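Structural description and commentary
Letter by letter, the chains look like this.
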Amino acid sequence: MQLMKNIRESIKEDRFPQFVQDFMARMFPDFSYPVWVVNALQDVNIHLRNDYSTQEQCCTKEKNNAKP
């Protein structure tokens, strides 16, 4: 489980927020993070790159996909 090992190492090295930012950038290269992820991470003081504009994009996508 390399992911858990990397998480533990980042915590020990006091760089967990940076780890999360890097991981999320790899998982979502276009920065289209799910809104709930952005909100949850903000609650624990981890701010993703471009999270404000991404949140706007996610919300816009959700509104456009909503059924009338």
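Starting afresh in each chain, residues are numbered from 1 along the sequence in its written order. The predicted origin of the model limits local features to residues at a pLDDT of at least 70 and limits the giving and counting of side-chain atom pairs to 80 or more, whereas totals for whole chains, interfaces and linings rest on all residues. As a convention, hydrogens and water are excluded, and side-chain values are obtained from all of the structure's heavy atoms.

**Observations regarding the nonpolar core**
Only buried Ala, Val, Leu, Ile, Met, Phe, Trp, Tyr and Cys residues count toward a nonpolar core, and they belong to the same one when joined by side-chain atoms within 4.5 Å. Burial here depends on accessible area, computed with a 1.4 Å probe over protein chains only, as a share of the maximum for the residue type. Under 20% is buried, over 50% is exposed, and the range in between is partly exposed. If you look at the biggest cluster of nonpolar residues, it comprises ten residues: I7, F19, V20, M24, Y33, V37, V38, L41, I46 and L48. Where this core is concerned, the elements lending two or more residues are α2 (16-27) and α3 (35-43). With near-sequence residues (within four places) excluded, V20 lies in contact with L41, I46 and L48. Put simply, DSSP H or I for four residues or longer makes a helix, DSSP E for two residues or longer makes a strand, and each gets a number counted from the N terminus. Any two residues whose heavy atoms approach within 4.5 Å are treated as being in contact.

**Here's the deal with the packing of aromatic side chains**
To describe a pair of aromatic rings, one takes the distance between the centres and the angle between the planes. Put simply, two rings from Phe, Tyr or Trp (the six-membered ring, in Trp's case) pair if the centres are within 6.5 Å, and we call them stacked under 30 degrees between planes, edge-to-face over 60, tilted for the rest. Taken as a whole, this structure holds four aromatic pairs when the rule is applied. Pairing F16 with F19 gives two aromatic rings, centres 6.4 Å apart and planes at 20°, and the pair type is stacked. Here the residue F16 and the residue F19 both occupy positions in helix α2, the gap between them amounting to three residues, near one helical turn. On the basis of relative accessible area, F19 is assigned to the buried category, the value being 12%. Here the aromatic rings of F28 and Y33 are separated by 5.9 Å at their centres, their planes lie at 75°, and the arrangement is edge-to-face. Taking relative accessible area as the criterion, F28 reaches 24% and is therefore assigned partly exposed. Among the aromatic residues, ring-to-ring pairing joins F16, F19 and F23 into one connected group.

**Topic: the confidence of the model for the chain**
Looking at the chain, the pLDDT average stands at 82 and 74% of residues meet or exceed 70. Residue-level confidence of the predictor is what pLDDT reports, using numbers from 0 through 100. The secondary structure element of the chain with the lowest average pLDDT is helix α4 (residues 51-65), at 47, and the one with the highest is helix α1 (residues 2-12), at 97. Segment residues 59-66 is flagged for pLDDT under 50; beyond a separation of four residues in sequence, or across chains, it makes three contacts in the model.

**Quick notes on the packing of α1 against α2**
Between N-to-C directions, angles span 0 to 180 degrees; the directions come from axes that are lines fitted to C-alpha atoms, helices contributing only their stretch in contact. Viewed as axis vectors pointing N to C, α1 and α2 meet at an angle of 145°, and their least axial separation amounts to 7 Å. In this structure, α1 uses L3, N6, I7, S10 and I11 to contact α2, whose residues at the interface are F16, F19 and F23. Side-chain classes follow a simple rule in which Ala, Val, Leu, Ile, Met, Phe, Trp, Tyr, Cys and Pro form the nonpolar group, Asp, Glu, Lys and Arg form the charged group, and the remainder, Gly included, forms the polar group. Class assignment of the residues belonging to the contact of α1 with α2 gives a composition of six nonpolar, two polar and no charged.

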